[in-house]
Amino acid sequence: MAQIQVKLVRSVIDRPERQKRTVKSLGLGKMNSTAEHESNPAILGMVKSVQHLVQVTEL
């Protein structure tokens, strides 16, 4: 499967707790932090639920 890089580009302040937990489970902490993941349905579902907060690039 392909690799994707996820970057946190918007803050999680004033976001619902569920979105905060999703961002943390993607391995993102502070603004502009990045994480690399395998492109599988679980990861893609998490990315889709916080797509307004992150930037995704394929590697």
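- The name recorded for the protein chain in an unreviewed UniProt entry is Large ribosomal subunit protein uL30, from Hymenobacter caeli.
- In the Subunit (unreviewed entry) part of its UniProt record, the protein chain is described as follows: "Part of the 50S ribosomal subunit."

**Observations regarding the sheet that holds strand S3 (residues 54-58)**
At step 1: Judged by pairing direction, the sheet is antiparallel, and its three strands sit side by side in the order S2-S1-S3 without closing on themselves. With one partner strand each, in any of the chains shown, strand S2 (34-38) and S3 form the two edges of the open sheet. This sheet shows a mean twist of 25° between the axes of neighbouring strands, independent of strand direction.
At step 2: Strand direction decides the pairing type here: strand S1 (residues 3-8) and S2, joined by five bridges, are antiparallel. In the strand pairing of S2, Ile-4 is matched with His-37.
At step 3: Against the sheet, helix H2 (residues 41-49) makes contact with S1, S2 and S3, and its axis sits at roughly 25° relative to S1, the strand it touches most.

**Let's talk about helix H1 (residues 17-25)**
At step 1: Listed in full, the buried residues belonging to H1 are Gln-19, Thr-22 and Val-23. Burial along H1 is one-sided: seen end-on, the buried residues are contained in an arc of 100°. Summarising the geometry of H1, the exposed residues directed more than 90 degrees from the buried face are Arg-18, Arg-21 and Lys-24.
At step 2: Positive backbone phi, approximately 90°, marks Gly-27, located one or two places after H1.

Parameters and conventions
- Residues numbered from 1 in each chain as written.
- Predicted model: local features only at pLDDT ≥ 70, side-chain atom pairs only at ≥ 80, totals over all residues.
- Heavy atoms only, no water.
- UniProt positions renumbered as here; feature names shortened; annotations may be inferred.
- Pairing = 2+ DSSP bridges.
- Helix = DSSP H or I, 4+ residues; strand = E, 2+ residues; numbered from the N terminus.
- Axes fitted to C-alpha atoms, helices over the stretch in contact; angles between N-to-C directions.
- Contact = heavy atoms within 4.5 Å.
- Buried < 20%, exposed > 50% of the residue type's maximum accessible area, 1.4 Å probe, protein only.
- Arc of directions from axis to C-beta.

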